[in-house]
Amino acid sequence: MKYYLIAGEASGDLHASHLMRALKQRDEGAEFRFFGGDLMTAVGGTRVRHYRELAYMGFVPVLLHLRTILKNMKMCKQDINEWQPDVVILVDYPGFNLSIAKYVHQLRSKGQGSKIKVFYYISPKIWAWKEYRIKNIKRDVDELFSILPFEVEFFEQKHHYPIHYVGNPTAQEVRAYLDDREVGEVRVVREVRPVIALLAGSRKQEIKDNLPAMIEATKHLAGQYDIVLAGAPSIDPAYYQQFLAGTTVGLVTNETYPLLAKATAALVTSGTATLETCMFRVPQVVCYETPLPRLIGFLKRHFIKVKYVSLVNLIANREVVRELVAETFSVANIRRELEAILPGGAERERMLSDYDEVHRLLGDSHAPDETARIMIEKLKVKNEK
């Protein structure tokens, strides 16, 4: 069968590459054509565009590159129509991908792409933002695959739209890493002292907003712990020097898992890193500075429907890890919450115990394999009609 995949950023390239391998194992005749990155290219098929030509985030960058984005979207639509795949597999990246889903629906309505199915892997997080998009999803997406267990209730009970929870790839990747003890041997930090890990985000603005406070909050512990920053793969190591100069904080790049495998505690910005830290059973404080903190805090309390910003708390549906966001973000608060999760701290054992519940809720399904199995079953039914 012919699979057309669209991944618009580095995480999507990773997850899509694993899915492609799983599809190849079940479908020897699989043909791939895709918008993606180097990891997907390594699996095989034809790359139409690299995700770097799509990955513009934030109002100003999108506005500045609007012509390029629209050009790529037009080309993608034309390419799908000409190639006529059995299925278009959209991977996260909702701004671009939901427009593609709408286009395929329009093709089918006109009888020009009647056999093309639309599957969405890693469902858009509309429970956090732009919930109105559920109408588009119901209309344009044939099968939705979720990697977060709480999304089942949101889509199926609240919006009466059936989806597939297939397991969480991040949880599986961490478990696989921990099972490989040779890989787990850490080379990036010294064995002399325990480690506090800093995970300050993957974008320059996040790093600029969060890292200085993280460093200041850990300064008094530099004599007892090695404070080590996990550099993001997308950030030039030289960028970090403006924050690290004159401190004792170490920097490692592309070594987040080895760092977490040794860490005693961590300060983490919101995102997938909070879940990775939980899977490594490292107590953490979630730190995320926002512009206009008092306004954001007011909106969070009175208007924003999502109670939490970290995946750990969202999955547990309660506060497992402390979140310092908006007006609660401060050096003093970070320092106090960090000390509470260090050995002997009041919150450490409670948090480690609560992590067990998060692990249980995620389950042990291998997300790419389970997704590939369901996708091929659905496509076979389509082809038999």
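Everything numeric in this text was worked out from a predicted model, so none of it was measured. (Residues numbered from 1 in each chain as written. Predicted model: local features only at pLDDT ≥ 70, side-chain atom pairs only at ≥ 80, totals over all residues. Heavy atoms only, no water.)

1. Thoughts on unusual backbone geometry
Piece 1. Backbone geometry at D92 places phi at a positive 55 degrees, although glycine is not the residue there.
Piece 2. Structurally, D92 is set in the loop between β4 (87-91) and α5 (94-109).
Piece 3. Residue D92 is classed as buried on the basis of its relative accessible area, which comes to 15%. (Helix = DSSP H or I, 4+ residues; strand = E, 2+ residues; numbered from the N terminus. Buried < 20%, exposed > 50% of the residue type's maximum accessible area, 1.4 Å probe, protein only.)

2. Overview of helix α12 (residues 272-279)
Piece 1. Of all eight residues in α12, seven are buried; the element is thus mostly enclosed.
Piece 2. Of the residues making up α12, those classed as buried are A273, T274, L275, E276, T277, C278 and M279.
Piece 3. A positive backbone phi angle near 60 degrees is found at R281, which sits one or two residues after α12.

3. Side note on the packing of aromatic side chains
Piece 1. The final tally for this structure, using the stated rule, is 14 aromatic pairs.
Piece 2. A ring pair is formed by Y3 and F32, whose centres lie 5.6 Å apart and whose planes are at 35 degrees; its orientation type is tilted. Taken together, the residues span a long stretch of sequence, with Y3 in strand β1 (residues 2-7) and F32 in strand β2 (residues 31-36) at a distance of 29 residues.
Piece 3. Using a relative accessible area of 6% as the deciding quantity, one classes F32 as buried.
Piece 4. Consider the rings of W127 and F150, whose centres lie 5.0 Å apart with planes at 80 degrees: the pair is edge-to-face. Residue W127 is found in the loop between β5 (117-121) and α6 (134-140), and its partner F150 is found in the loop between β6 (143-146) and α7 (151-158); the two are separated by 23 residues along the sequence.
Piece 5. Taking the relative accessible area as the measure of exposure, W127 reaches 12% and is therefore buried.
Piece 6. What links up through ring pairs into an aromatic cluster is the set Y4, F35, W83, Y93 and F96. (Phe/Tyr/Trp six-rings, centres within 6.5 Å; stacked < 30°, edge-to-face > 60°.)

4. Brief notes about the packing of helix α8 (residues 169-179) against α12
Piece 1. As a packed pair, α8 and α12 sit with axes 9 Å apart at the nearest point and diverge in direction by 40 degrees. Taken as axis vectors, α8 and α12 run oblique relative to one another. The crossing of α8 and α12 is right-handed. Judged by residue contacts, T170, A171, V174, R175 and L178 of α8 engage T272, L275, E276 and M279 from α12.
Piece 2. Residues belonging to the contact of α8 with α12 are distributed by class as follows: five nonpolar, two polar and two charged. (Axes fitted to C-alpha atoms, helices over the stretch in contact; angles between N-to-C directions. Parallel < 35°, antiparallel > 145°, perpendicular 65-115°, else oblique. Left-handed = near helix turned anticlockwise from the far one by under 90°. Contact = heavy atoms within 4.5 Å. Nonpolar A, V, L, I, M, F, W, Y, C, P; charged D, E, K, R; others polar.)

5. Looking at the pairing of β2
Piece 1. As paired elements, β1 and β2 share five bridges and run parallel to each other. The partner of Y3 across the bridge, within β2, is F32.
Piece 2. Relative to strand β3 (residues 46-50), β2 runs parallel, the two being bridged by four bridges. When the sheet's bridge partners are listed, G36 is paired in β3 with H50.
Piece 3. The parallel pair β2 and β3 is bridged by helix α2 (residues 38-43), and the resulting crossover is right-handed. (Pairing = 2+ DSSP bridges. Right-handed = clockwise from strand over helix to strand, strands pointing away.)

6. A closer look at the side chain of D79
Piece 1. Considering the arrangement of structural elements, one finds D79 in helix α4 (residues 66-83).
Piece 2. Discounting chain neighbours no more than four positions away, the residues touching D79 are Y4, R33 and V48.

7. A word on the environment of Q106
Piece 1. Residue placement: Q106 occurs in helix α5.
Piece 2. Judged by its relative accessible area of 34%, Q106 falls in the partly exposed class.

8. Quick look at the layout of surface pockets
Piece 1. The space that makes up the second largest pocket amounts to roughly 470 Å³.
Piece 2. Listing elements by their share of the lining of the second largest pocket, those giving two or more residues are α7 and α14 (311-316).
Piece 3. It is α7 that contributes the most residues to the lining of the second largest pocket, four residues altogether.
Piece 4. Considered class by class, the residues forming the lining of the second largest pocket number nine nonpolar, two polar and five charged. (1 Å grid on protein atoms, 1.4 Å probe; cavity = no way out; pocket = protein on both sides within 12 Å on 5 of 7 lines; lining within 4 Å. Points joined across faces, edges and corners; volume = space filled by probe spheres on them.)

9. Remarks on the sheet that holds strand β10 (residues 250-253)
Piece 1. Spatial ordering of the open sheet is given by β10-β9-β8-β11-β12-β13, a layout of six strands whose pairing is parallel. The open sheet has two edge strands with one neighbour each: β10 and β13 (322-325). Across the sheet, the mean angle from the axis of one strand to that of its neighbour is 25 degrees, orientation sign disregarded.
Piece 2. One ladder, built from three bridges, connects strand β11 (residues 263-268) with strand β12 (residues 284-288); its direction is parallel. Bridge pairing in β12 links A266 to Q284.

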